Amino acid sequence: MSAHAPSSALVENYHDRTASERHLPQHIVFWDETLRDGEQMPGVHFSTREKMQIAELLSDMGVSVINAGIPVVSAEEAKTVSAVAHAGFKAKILAAGRTVMGDVEAVIQSGASHIAIFVAASNVHLQYKLRMTQDEVVAASVACVRRAHEAGLHVAFVTEDTVRAPLDFVERLYLAATEAGADRLVVSDTVGIMTPLTFRWFLREFHRRVKPKDWSVHCHNDLGLAVANTLTALEEGVNAPHTCVNGLGERAGNTSFEELVMDLETLYGVRTGIRTERLYELSQLVEGLAGVPLPPNKALVGYNSFAHEAGIHSHGVLRHTLTYEPLQPEVIGRHRLFVLGKHTGRAALIEKLKERHVSATDEQVTQLLERVKREGEGEGKQDVNELVRTYRAHFVNPGIKDAEFWELVKASGIPVPDAPFTNSSPPSGAKTVDPSPHKGARS
Ligand code: MN
């Protein structure tokens, strides 16, 4: 049993009862996507220096594979990927590209030892986005995988939207990629529509048909299930999960690195090899560099994750932390916090007084408690309201501001009328579906 697991005579650990149903891999290869999918989050961009800083910490903490980016995105990005690839980090540096030969050549040029070659698999992507037939997708994939393999790269073959693609095509495509030299196969839930039970079924079917030796999942959090689905995948033997620090990524983001690591360590007693005591430092670094503030109630790394205000909770934690904490905050490099306010109780107050070696009579504590509660109830909210307003104003229009964009248009010599313009949603021309989420998910 791991030192992190809350196992003692004081609590029952029913995870032991399900151990035989888990088929965790012998070795988990953590494949971090913070610098690629995380950076694709609207409004987020990392400089070369920032990517180096994040990659260095990820590598020091024991992450096995770091996706540094897509070299064909820009000349600057190609330089950044190359810098990360040549920095001598312990982690393997991966760069990504489409099933386009120029993309593959750019990755080879970058000096990355690993490549992820991606193409879409579902009919909606093939028909509306790629405008390619299944035969064309197979041919492009095979050619690009073969080229990268022959160049000596470790090749991961990725399909977008795997879990909404016809299984017969998925089987054919992945078998062809394997035959062409792919070392690792990546299954993606690109729009985050799997549930643990359905994903389990899908992965078993994939395994039965394709028999991968080394496989990954790439999960999105659109419906809040990315971590749960990734955990399910590991239980099915998937060995190289994709994660992003703080759950960054397109739209609602990807599987959160810190959550997945601590789920494994805390709940299943798995030794991940990740230096968990630096998880909070990593989270704070990425929060700052990405410019994406964490919600206070974010699992593990949110400000409130180890904070207690309610009297009953504080009292319990002061007597034994197992009462209201699933793990010790120090395990991820944090400390617990007792917050004073409307819900404070006597025990937390007495503990607080000890900070300055102050002792008080019962009567004094009762009086002080009344004052603290009144102060908590009467506390102004202007500061926090202002913070929320500023936050919304920023995130409602991240990235290049509208006015800046139209200036860039004019600077490019394109005539722009001065009339007011409006954003249309959905974009004109895009096909859409019945707004019922049930029907949408099926289409
Ligand atoms: Mn993604």
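### With respect to the overall build of the protein
Then, in step 1: Helices and strands together make up the secondary structure of the protein, namely 17 helices and ten strands.
Then, in step 2: By residue count, 36% of the 443 residues in the protein fall in the buried class.
Then, in step 3: When contacts within the protein are restricted to residue pairs at least 6 apart in sequence, long-range pairs at least 24 apart make up 71% of them.

### Some details on the domain arrangement of the protein
Then, in step 1: Partitioning the protein into structural domains gives domain 1 (17-290) and domain 2 (306-429).
Then, in step 2: On a C-alpha basis, the centres of domain 1 and domain 2 stand 32 Å from each other.
Then, in step 3: Domain 1 puts eleven residues into the contact, and the matching count from domain 2 is eight residues.
Then, in step 4: At the level of elements, helix H10 (257-268) and helix H11 (279-290) are the ones that each hand at least two residues to the side of domain 1 that touches domain 2.
Then, in step 5: Grouping the constituent residues of the side of domain 1 that touches domain 2 by class yields four nonpolar, three polar and four charged.

### Brief notes about the packing of helix H12 (residues 311-319) against helix H13 (residues 346-354)
Then, in step 1: Remark: H12 packs on H13, axes separated minimally by 7 Å, with the N-to-C direction vectors making an angle of 55 degrees. In terms of orientation, H12 lies oblique with respect to H13. Across the interface between the two elements, Gly311, Ser314, His315 and Leu318 from H12 touch Ala347, Ala348 and Glu351 from H13.
Then, in step 2: Here the residues of the contact of H12 with H13 sort into three nonpolar, three polar and one charged.

### As for the pairing of strand E7 (residues 215-219)
Then, in step 1: Judged by how many residues are buried, E7 sits mostly within the fold: five of five residues are covered.
Then, in step 2: Bridging between strand E6 (residues 184-189) and E7 involves five bridges; their strand directions are parallel. Directly across from valine 187, in E7, lies its bridge partner valine 217.
Then, in step 3: With helix H8 (residues 196-210) bridging E6 and the parallel E7, this β-α-β connection has right-handed handedness.

### Some thoughts on the nonpolar core
Then, in step 1: Of all hydrophobic cores here, the largest spans 93 residues; its most connected members are Ile66, Ala68, Leu94, Ile115, Ile117 and Phe157.
Then, in step 2: It is strand E4 (residues 114-120) that contributes the most residues to this core, six residues altogether.
Then, in step 3: Apart from residues no more than four positions distant in its own chain, alanine 68 is found in contact with Leu35, Lys51, Ala55, Val81, Val84, Ala85, Ile93, Leu94, Ala95 and Ala112.

### Considering unusual backbone geometry
Then, in step 1: Look at lysine 211: it is not a glycine, yet its phi comes out positive at around 50 degrees.
Then, in step 2: Relative to the elements of secondary structure, lysine 211 occurs in the loop between H8 and E7.
Then, in step 3: C-beta crowding within 10 Å serves as the criterion here: with 12 such atoms nearby, lysine 211 is assigned to the exposed category.
Then, in step 4: A positive phi angle, near 70 degrees, is found at leucine 300, a position not held by glycine.
Then, in step 5: Take leucine 300: it is sitting in the loop between H11 and strand E9 (307-308).
Then, in step 6: Take leucine 300: there are 25 C-beta atoms within 10 Å of it, and that puts it in the buried class.

### Description of the sheet that holds E7
Then, in step 1: An order of E7-E6-E5-E4-E3-E2-E1-E8 is seen for the eight strands of this open sheet, with the pairing classed as parallel. Sheet topology places E7 and strand E8 (242-243) at the edges, where each strand pairs with a single neighbour.
Then, in step 2: Of the strand pairs in this sheet, E4 and strand E5 (residues 154-160) are connected by seven bridges, and their pairing is parallel. Across the sheet, the residue bridging to valine 119 is threonine 159, located in E5.

### Section: the environment of valine 137
Then, in step 1: With respect to the helices, strands and loops of the structure, valine 137 is situated in helix H6 (residues 134-150).
Then, in step 2: Taking the C-alpha atoms as reference points, valine 137 and leucine 173, 36 residues apart in sequence, are found 8.1 Å from one another.
Then, in step 3: Those residues in contact with valine 137, other than ones at most four positions away along the chain, are Val119, Leu126, Met132 and Leu173.

### Description of helix H15 (residues 382-395)
Then, in step 1: If you check H15, its first and last C-alpha atoms are 20 Å apart, about what 14 residues at 1.5 Å a residue would give, namely 20 Å.
Then, in step 2: By the criterion of burial, H15 is predominantly exposed, with just zero of the 14 residues buried.

### Observations concerning the pairing of E4
Then, in step 1: Counting buried positions over the seven residues of E4 gives seven, a clear majority of the element.
Then, in step 2: Burial along E4 is two-sided: His114, Ala116, Phe118 and Ala120 facing one way and Ile115, Ile117 and Val119 facing the other are all buried.
Then, in step 3: Strand direction decides the pairing type here: strand E3 (residues 92-98) and E4, joined by five bridges, are parallel. Opposite alanine 95, over in E4, you have isoleucine 115 as the bridge partner.
Then, in step 4: For the segment spanning E3, helix H4 (residues 101-110) and E4, crossover handedness is right-handed.

### Regarding the environment of valine 29
Then, in step 1: Looking at the element boundaries, valine 29 is found in the segment before strand E1 (31-32).
Then, in step 2: Residue classification places valine 29 among the partly exposed positions, given that 17 C-beta atoms sit within 10 Å.
Then, in step 3: In sequence terms valine 29 and tryptophan 201 are 172 residues apart; their C-alpha atoms lie 23 Å from each other.

### What to know about the environment of valine 217
Then, in step 1: Structurally, valine 217 is set in strand E7.
Then, in step 2: Look at valine 217 and you get buried, because 29 C-beta atoms sit within 10 Å.
Then, in step 3: In this structure, valine 217 is in contact with Val187, Thr230, Ala233, Val238, Pro241 and His242, ignoring residues within four places of it in sequence.

### Describing H10
Then, in step 1: When the terminal C-alpha atoms of H10 are compared, their 16 Å separation across twelve residues agrees well with the 16 Å that a helix rising 1.5 Å per residue should span.
Then, in step 2: Taken across its twelve residues, H10 has ten buried, putting it largely inside the fold.
Then, in step 3: What H10 keeps buried is the set Phe257, Glu258, Glu259, Leu260, Val261, Met262, Asp263, Leu264, Glu265 and Thr266.
Then, in step 4: In the core, the buried residues of H10 are packed alongside E1, helix H9 (226-235), E8 and H11.
Then, in step 5: Glycine 269 sits one or two positions beyond H10 and adopts a positive phi of about 65 degrees.

Reading guide: rules and limits
- Residues numbered from 1 in each chain as written.
- Predicted model: local features only at pLDDT ≥ 70, side-chain atom pairs only at ≥ 80, totals over all residues.
- Helix = DSSP H or I, 4+ residues; strand = E, 2+ residues; numbered from the N terminus.
- Buried ≥ 20, exposed ≤ 12 C-beta atoms within 10 Å, placed from the backbone.
- Contact = placed C-beta atoms within 7 Å.
- Domains from an automatic or database assignment.
- Nonpolar A, V, L, I, M, F, W, Y, C, P; charged D, E, K, R; others polar.
- Axes fitted to C-alpha atoms, helices over the stretch in contact; angles between N-to-C directions.
- Parallel < 35°, antiparallel > 145°, perpendicular 65-115°, else oblique.
- Pairing = 2+ DSSP bridges.
- Right-handed = clockwise from strand over helix to strand, strands pointing away.
- Core = buried A, V, L, I, M, F, W, Y, C linked by C-beta atoms within 7 Å.
- Expected span 1.5 Å × (residues − 1).

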